[in-house]
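# Structural characterization, general
The chain contents come next:
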Amino acid sequence: MKNVYLDNNATTRIDPMVLEAMMPYLRDYYGNPSSIHDFGEPCRAGLERAREQVASLLGAAYTSEIIFTSCATEATSTAIYSAIALAPERREIITTAVEHPATLAVCEHLERQGYMIHRIGVTEEGALDTAHYYDALSENVALVTMMWANNETGVLFPVTEMASAAHERGILFHCDAVQAVGKIPISLRATDIDMLSCSAHKIHGPKGCGCLYLRRNTRFRPLVRGGHQERGRRAGTENIAGIVGMGAACELADVHLPMMASVQEMRDRLQNGLLSSIPHTLLMGANQPRTPNTVNIAFEYIEGEAILLLLNHCGIAASSGSACTSGSLEPSHVMRAMNIPYTAAHGSIRFSLSRFTREREIEWAIEQMPDIVARLRTLSPYWQQGKPEVAQGSIFSPTYG
């Protein structure tokens, strides 16, 4: 079997219906949406229709709360820099140790500028250390920026509760929801989340388009300045085809949200099949709430990159972590934050499904993986040196195959 795509947390295939919605804006409707003549009107209408579709999926109270950007990374940077610019007397930021590089890189830069960054840790299963979080809240904090779902493990954080706690101290709350949107129900109007980032290409939309949700009446300072686009909150002529595609993708994600139960069944079939057929494996976040499409399993004593290469020979695409951090020989920062044993952290593989995944593809992956792991372990000096037994009562023991 060829072309088994199980790397949907990195990016997704564009839905044919999304492409169909975009085509007129690539071919026929080429006007500037800011123009008052007839060429601009259909582009302006497409822009506002997409804003309605995105707001609906996110459960926003007002369509004006949606600001279109080039990607979620831009949206996240905009949120962080806006928050600190409007509260210069507050020189602290709270984030987590397992955030996406889009957040961590900005925080590291601000740390060099004199800001105090509180990096909230996680447990061995990837759950947020909430006690540490509550201890870090103070009147000196300008912003909390926290992901809803971890991109490597799929573990969900209690962001609605964390946002309410931040508000009690007058702290703005930003959420990176890139891996949550379209996978779990979201109703922002029912939360205290002030700002939220999401991306089109993670929900079967086009690359090069994202958005920032900005709660009405939240103080804001734009990052990209220039023209009056997006009500003066994000300058630059809008990418109408991409925005229309994002709107269509959001509408389809809303319609297909009940299908995520079937995706979760396939995910569970995959993880159970691998854990039962391959010894010395570790399921990340086994007892935590996770997104329905993500399973991350560490295979002890072998390298994840080698597994990926052999999977690729079998026509299977997966990942050893975030696509934005691959290439490093070190275990990912997420695995390190979870204190995953060194012999397992190097061999973690993330499989991420979508509504386009089929059961036969899952069975093919289950069939191929045992031979791949066995082959690589015969070449591993760590495997040859002997396998330590799992300690009785170890936090890892319930999840070993």
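The paragraphs below set out a description of the structure included in this document. (Residues numbered from 1 in each chain as written. Predicted model: local features only at pLDDT ≥ 70, side-chain atom pairs only at ≥ 80, totals over all residues. Heavy atoms only, no water.)

## Considering the nonpolar core
- In this structure, Leu58, Tyr133, Trp148, Phe173 and Leu196 are the most contacted members of the largest nonpolar core, which totals 72 residues.
- A per-element tally of this core places helix α8 (residues 240-256) first, with 10 residues.
- Beyond its immediate sequence surroundings of up to four residues, Phe173 is in contact with Tyr133, Leu143, Val144, Met146, Val159, Met162, Ala163, Ala166, Ile193, Asp194 and Met195. (Core = buried A, V, L, I, M, F, W, Y, C linked by side-chain atoms within 4.5 Å. Buried < 20%, exposed > 50% of the residue type's maximum accessible area, 1.4 Å probe, protein only. Helix = DSSP H or I, 4+ residues; strand = E, 2+ residues; numbered from the N terminus. Contact = heavy atoms within 4.5 Å.)

## So, unusual backbone geometry
- Residues other than glycine seldom take positive phi values, yet Glu230 does so here, at roughly 55°.
- The topology assignment puts Glu230 in helix α7 (residues 229-232).
- By relative accessible area, Glu230 is classed as buried at 5%.
- Although it is not a glycine, Asn339 adopts a positive phi angle of roughly 55°.
- Topologically, Asn339 is positioned in the loop between α11 (333-337) and α12 (342-345).
- Overall, Asn339 belongs to the exposed group, its relative accessible area being 55%.

## Here we look at the sheet that holds strand β8 (residues 210-214)
- The strand order across the open sheet built from 7 strands is β2-β8-β7-β6-β5-β3-β4, with neighbouring strands paired in mixed fashion. In the strand order of this sheet, the two ends are held by β2 (66-69) and β4 (116-120), each with one partner. Adjacent strand axes in the sheet meet at a mean angle of 20°, parallel and antiparallel pairs treated alike.
- Pairing geometry for strand β3 (residues 92-96) and strand β5 (residues 141-147), over 3 bridges, is parallel. Along β5, the bridge assignment pairs Ile94 with Val144.
- Relative to β2, helix α2 (residues 41-58) is tilted by about 115°, and along the sheet it contacts β2, β7 (195-199) and β8. (Pairing = 2+ DSSP bridges. Axes fitted to C-alpha atoms, helices over the stretch in contact; angles between N-to-C directions.)

## Points about helix α6 (residues 159-168)
- Along α6, the residues classified as buried are Val159, Met162, Ala163, Ala165 and Ala166. Seen from one end, α6 has its buried residues packed into an arc of 165°, which puts them on one side.
- One or two residues past the end of α6 sits Gly170, with phi positive at roughly 70°. (Arc of directions from axis to C-beta.)

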